[in-house]
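Coordinate analysis (summary)
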Amino acid sequence: MDNMLNLLDEIIKKIEGKKIEQVDIETEEFRISVKQYIGPKEVVSSSPTVEVKEVIKTGEKPEVETKEEQKYHVIKSPLVGTFYRAPSPGAPPFVEEGDIVSKGQVLCIIEALKVMNEIESDINGKVVKILVENGQPVDYGQELFYIEPM
Amino acid sequence: MIKLDNIDLKILELTEKETISGEKLSSIFNISRTAVWKRIKKLEKLGYEFLHTSEGYKLKKKTPYLLENEIKPFLETKFIGKNYIFFEEIDSTNNYLKNNEFEEGTVVIAEAQTAGKGRKGRKWISIKEKGLYFSILLKPKIPVSDILKFSLIFPLALHKTILDFGIQAKIKWPNDIYINGKKTAGILTETDIEGNEISKAVIGIGINISHTQKDLHEIKDIATSLLIEKKEKIDRKDFFAELLKNIEKNYFSYIEGKLNTIKEIEKNMLWINEKVSLIDDQNKIEGTLLGLNEFGGLKIKTKNKTIDFYTGDLTIRRI
C-alpha cells in the first residue's frame, strides 16, 4: 500500500504543471487513475491584466460610441534581449495570433548573452495579439503578448 | 544511456588486481561462462582493454570514456553531478535535459553529439575521446532578470579551470573561451521561464581538449584545443572534475551575493578597449569595446554614442 501511495505521489509530481490531464496505470494488483485540474476558470497570475478600450468612431453620422471592454492577460518580457517567435531560423513560430495556449506552453524565445530563454504562458487562453516582431530587441517589462484567459 | 551494473564493476575490480579465469568469474557471480564472455565483450566495446590468456582475463587499460564509475571517484562537488548520465552518442545533451525531468545538478555527458547546438542553429563538432560535451541542469532561485548576470558564472568557471591547468585564456563576450585568438570552448544556455520563475536552466558546454590540428582540419584557423596550446596531454577526467567543482563554487558564491560576474568578466575579457565589430543578422556595428553594462550586455562606443548590445557575434577589427 505504501508503495502505491509513493507511486501516486511520484506521478502527481511528474505531471505537475504539465498539460497531461489524465494518467491511468493498470496492473494485475491495482489500477491508478490520476486526473489533473488544468484550468481554465480562475488563474492566479503575477502579471497584471490590461484593459483595452476600443473606441469606434464613424464618419459624419452622429457619434456612436461602442465601448468594448476586454480583459487581457499580458505577457511581459522578464529581461532584455532579442525576441524570437521560432526555435530556430526557418522553423515555424511557436504561436500565432488566434492560437489556444495552455499554461507552460512556450510562446517565444528571448535571447541575450547566448542564453535562450523560452518564455512560457502562465495561463490557459487564446493569443489575441503578438506585439513584437521577430528579431526585434525587447526591453525589460515590455509587453509581448495579449492572452485572453479561458 | 550507459551505466555499468554491479557485476560489471566487480569484474573490473577483480581483473584489475589479477588474471581471473572465466570459470572462476562465472562461479563468483553465478552466471554462465557465456554471460561472463558477453560482459567482457561489452566492456571492451566501451573502451576497456583486457589481456586474454589461457589463465583468463586481466584488465590492461581503463576506458577513456567518461563513464559514471570512472568519473565519480574524482568528483568533489556537493550536488552537481550527483545524478550523472552518460551516453556514447546522443543528439544533444541540452535537448535531453530539456525534454526530461531530473533533479537539480543532473549532468548529462556524451562522447559525441550528432546535433550539438550553437547559437542560431549552428553546429558544434564533437569527436569521441577528444572533447568534453555535457550539460548541467540547474534551477536557480534568482529573479528572472538576473539570469544574464548569473549565466556568466559558467565562462568564469571555465576560464579559471583552464588557468588552473596552466593555460592563459580570455573570455570572448558573452561566454566563449579563446586561447591565442582561437576558440576552444563554447556555452549555450537554455532556460524555461514561466511568470517570475526560472523553472529550468540547462547549461550546455563544449570544450576542445585533446584535439590535434588534424582533428580540427577545416576549422583549425579559428579553433584550437587545450592539447594544441599546452603541447602536452590534459586528462579529461581531471579537467572535468575540476571544472564541475569550479562551477559549483561559483554557483554558491553567486547565490550568496559574493560573486560580481560583470566585474570578473571584464577583468578577463578578450578585446577590451580595442576596436571591434558586432554583427547580428544584417547589422554591423563598429566601435571600441568598453566593457559590460549592469545586465552583462556589451557596451560599444561608436563615433557618436555608447550603445548596449545583448546579442550578436563579436569580432576584432583588423585594419
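Remember, predicted model here, so these are calculated numbers, not experimental data. (Residues numbered from 1 in each chain as written. Chains lettered and ligands numbered in written order. Predicted model: local features only at pLDDT ≥ 70, side-chain atom pairs only at ≥ 80, totals over all residues. Heavy atoms only, no water.)

**Observations regarding the pattern of salt bridges**
It is possible for side chains bearing opposite charge to pair when their charged atoms get close. The final tally for this structure, using the stated rule, is 29 salt bridges over all chains. With a closest N to O distance of 2.4 Å, Lys103 of chain A and Glu194 of chain B form a salt bridge. With Lys103 of chain A in the loop between strand 6 (100-101) and strand 7 (106-112) and Glu194 of chain B in strand 8 (residues 182-194), the pair connects residues from two separate chains. Judged by relative accessible area, which is 39%, Lys103 of chain A ranks as partly exposed. Lys200 of chain B is the partner of Glu101 of chain B in a salt bridge, and the nearest nitrogen-oxygen pair spans 3.8 Å. Of this pair, Glu101 of chain B sits in the loop between helix 5 (93-99) and strand 4 (107-113) while Lys200 of chain B sits in strand 9 (residues 197-208); the two residues are 99 residues apart in sequence, bridging distant segments of the chain. Given a relative accessible area of 42%, Glu101 of chain B falls into the partly exposed group. The network of salt bridges with common partners includes Asp5, Asp8, Arg39 and Lys42 of chain B. (Salt bridge = Lys/Arg side-chain N within 4 Å of Asp/Glu carboxyl O. Helix = DSSP H or I, 4+ residues; strand = E, 2+ residues; numbered from the N terminus. Buried < 20%, exposed > 50% of the residue type's maximum accessible area, 1.4 Å probe, protein only.)

**Details of the interface of chain A and chain B**
Interfaces are often sized by the amount of accessible area the parts lose when they come together. Facing the 24 residues of chain A at the interface are 32 residues of chain B. A buried area of about 2,400 Å², summed over both sides, lies between chain A and chain B, and 58% of it is on carbon and sulfur atoms. Counting the surface chain A buries against chain B, the share from its top three residues, Leu113, Lys114 and Met116 of chain A, is 33%. Taken together, the connections running from chain A to chain B amount to three salt bridges. A salt bridge links Glu118 of chain A to Lys98 of chain B; its shortest N-O distance comes to 2.8 Å. Put simply, chain A and chain B have 14 residue pairs in polar contact (both at pLDDT 80 or more) between them. Residue assignment for the side of chain A that touches chain B shows that the elements contributing at least two residues are strand 5 (81-84), strand 7 and strand 8 (115-120) of chain A. Among the elements that make up the side of chain A that touches chain B, the one with the highest residue count is strand 8 of chain A (six residues). Class assignment of the residues belonging to the side of chain A that touches chain B gives a composition of 11 nonpolar, six polar and seven charged. (Contact = heavy atoms within 4.5 Å. Buried area = accessible area lost by both parts, 1.4 Å probe. Polar contact = N/O pair within 3.5 Å; in protein donor to acceptor, adjacent residues only side chain to side chain. Nonpolar A, V, L, I, M, F, W, Y, C, P; charged D, E, K, R; others polar.)

**Some points on the sheet that holds strand 12 (residues 298-301) of chain B**
Residue and element names in this part refer to chain B. A sheet is described by the order of its strands in space; here five strands give the open sequence 13-12-11-10-14, paired in antiparallel fashion. In this open sheet, the two edge strands, each paired with only one partner strand, are strand 13 (306-309) and strand 14 (313-316). Taken pair by pair, the neighbouring strands of this sheet meet at an average axis angle of 45°, ignoring direction. Two strands pair when backbone bridges link them, and strand 10 (residues 275-280) and strand 11 (residues 283-292) are joined in this way by six bridges, in the antiparallel orientation. For Asp280, the partnering residue across the bridge sits in strand 11 and is Asn283. (Pairing = 2+ DSSP bridges. Axes fitted to C-alpha atoms, helices over the stretch in contact; angles between N-to-C directions.)

**Some remarks on the confidence of the model for chain A**
Predicted coordinates in areas of low pLDDT are best not read in detail. Model confidence for chain A is summarised by a mean pLDDT of 75, while 53% of its residues fall at 70 or above. Taken as a whole, residues 37-69 of chain A scores under 50 in pLDDT and shows 47 contacts with residues more than four places along the chain or in a different chain. (pLDDT = per-residue confidence, 0-100.)

**Some details on the packing of aromatic side chains**
Residue and element names in this part refer to chain B. Applying the stated criterion across every chain yields a total of 16 aromatic pairs over all chains. With 4.9 Å between their ring centres and 70° between their planes, Phe87 and Tyr96 make a pair best called edge-to-face. Pair check on accessibility: Phe87 and Tyr96 agree, each one buried. Three or more aromatic residues joined by ring pairs make a cluster, and in this case those are Phe79, Phe150, Phe154, Tyr251, Phe252 and Tyr254. (Phe/Tyr/Trp six-rings, centres within 6.5 Å; stacked < 30°, edge-to-face > 60°.)

**A few points about the domain arrangement of chain B**
The assigned domain composition of chain B is domain 1 (6-61), domain 2 (68-267) and domain 3 (275-318). Centre-to-centre separation of domain 1 of chain B and domain 2 of chain B, based on C-alpha positions: 35 Å. (Domains from an automatic or database assignment.)

**A closer look at helix 2 (residues 22-29) of chain B**
Residues and elements named next belong to chain B. Within the sequence span of helix 2, burial applies to Gly22, Leu25, Ser26 and Phe29. Along the long axis of helix 2, the arc covered by the buried residues comes to 100°, so they all point the same way. Exposed residues on helix 2 whose side chains face more than 90 degrees from its buried face are Glu23 and Ser27. Looking at the buried side of helix 2, the elements it contacts are helix 1 (6-17), helix 3 (33-45) and strand 2 (56-61). Downstream of helix 2 by one or two residues, Asn30 has phi in the positive range, about 55°. (Arc of directions from axis to C-beta.)

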